[in-house]
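One letter stands for each residue in the lines below.
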Amino acid sequence: MRRRFLFSAALCTTLGRLAWAQPVDAEDRPSKTPGYTVSADVLQRSVAERFPMRYPVQGLLNLDLQPPRLSLLPEQNRLRAEMVVEAVGPALNRSHRGSFDLDFALRYEASDRTLRAHQLRIDRLRFPTLQPSVVELLNAYGPALAEQSLREVVLHRLKPQDLRMADAMGMQPGPITVTQEGLVIAFVLKPL
């Protein structure tokens, strides 16, 4: 523990001296803060591993959620997921395919090194082959079911080696930024 503190203090002192030694022009500033990047492809593969998911609706039918198609919304610092859902069960005479969209922010969970969805915003369920009254019934339950089942869904898990350098410098994952290429997880100093 003492070694980590001394290493962090020496690093901060050295960087502080360099920062004060000469003025930095905007062109000379480093363009990258310390952090970890997750590409859109890696994120898509990681989330696909957690699907399909099945959710029963009061013994009448099951909603089977297929792997979502993710898209990045950097201007909102959020992600969008296009969800394909199949409705099957005793209340229906056959399987019906539908969809809904949702967008969400991300948060880091330190206890298991995961990126999780939170602050979900869910659009209405769309089922073109179902009667409008059945679609309305599903829309009455659907958003609450999606909120309950998808909130805090794990989208990606960082490996210990992904955080080894940050940990050695006394840092931990902090804010998550959505970019055109994927996610950037900034590293911040750990509290003392």
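The sections below set out a description of the structure shown in this document. (Residues numbered from 1 in each chain as written. Predicted model: local features only at pLDDT ≥ 70, side-chain atom pairs only at ≥ 80, totals over all residues. Heavy atoms only, no water.)

1. A look at the nonpolar core
Here comes step 1: Residues Leu-63, Leu-65, Phe-100, Phe-104, Phe-127, Leu-150 and Leu-183 are the most contacted members of the largest nonpolar core, which totals 45 residues.
Here comes step 2: Here Phe-127 is in contact with Leu-63, Val-85, Ala-87, His-96, Arg-97, Gly-98, Val-135 and Leu-138, once residues within four sequence places are set aside. (Core = buried A, V, L, I, M, F, W, Y, C linked by side-chain atoms within 4.5 Å. Buried < 20%, exposed > 50% of the residue type's maximum accessible area, 1.4 Å probe, protein only. Contact = heavy atoms within 4.5 Å.)

2. Considering the sheet that holds strand β9 (residues 171-178)
Here comes step 1: Reading across from one edge, β1-β10-β9 is the order of the 3 strands in this open sheet, with antiparallel pairing throughout. Only two strands of the sheet have a single neighbouring strand rather than two, namely β1 (35-39) and β9. On average, each strand axis in the sheet is inclined to that of its neighbour by 25°, with strand direction left out of account.
Here comes step 2: Two strands pair when backbone bridges link them, and β1 and strand β10 (residues 182-189) are joined in this way by 5 bridges, in the antiparallel orientation. Counted as the bridge partner of Tyr-36 is Ile-185 from β10.
Here comes step 3: Against the sheet, helix α2 (residues 40-48) contacts β1 and β10, and its axis sits at roughly 70° relative to β1. (Pairing = 2+ DSSP bridges. Helix = DSSP H or I, 4+ residues; strand = E, 2+ residues; numbered from the N terminus. Axes fitted to C-alpha atoms, helices over the stretch in contact; angles between N-to-C directions.)

3. What about unusual backbone geometry?
If a residue is not glycine, its phi is most likely negative; likewise, a peptide bond is most likely trans.
Here comes step 1: Between Phe-51 and the following residue, Pro-52, the backbone shows a cis peptide bond with an omega angle of 5°.
Here comes step 2: Turning to its location among the elements, Pro-52 is positioned in the loop between α2 and β2 (53-57).
Here comes step 3: Located in the positive-phi region is Asn-77, a residue other than glycine, with phi close to 55°.
Here comes step 4: Among the residues examined, Asn-77 registers a relative accessible area of 33% and is labelled partly exposed.

4. Some remarks on the layout of surface pockets
Here comes step 1: The calculated volume of the second largest pocket comes to roughly 190 Å³.
Here comes step 2: The wall of the second largest pocket is formed by Tyr-36, Val-42, Arg-45, Ser-46, Glu-49, Arg-113, His-156, Arg-157, Leu-158, Lys-159 and Asp-162.
Here comes step 3: Those elements giving two or more residues to the lining of the second largest pocket turn out to be α2 and β8 (154-157).
Here comes step 4: Sorting elements by how many residues they give to the lining of the second largest pocket places α2 first, with 3 residues. (1 Å grid on protein atoms, 1.4 Å probe; cavity = no way out; pocket = protein on both sides within 12 Å on 5 of 7 lines; lining within 4 Å. Points joined across faces, edges and corners; volume = space filled by probe spheres on them.)

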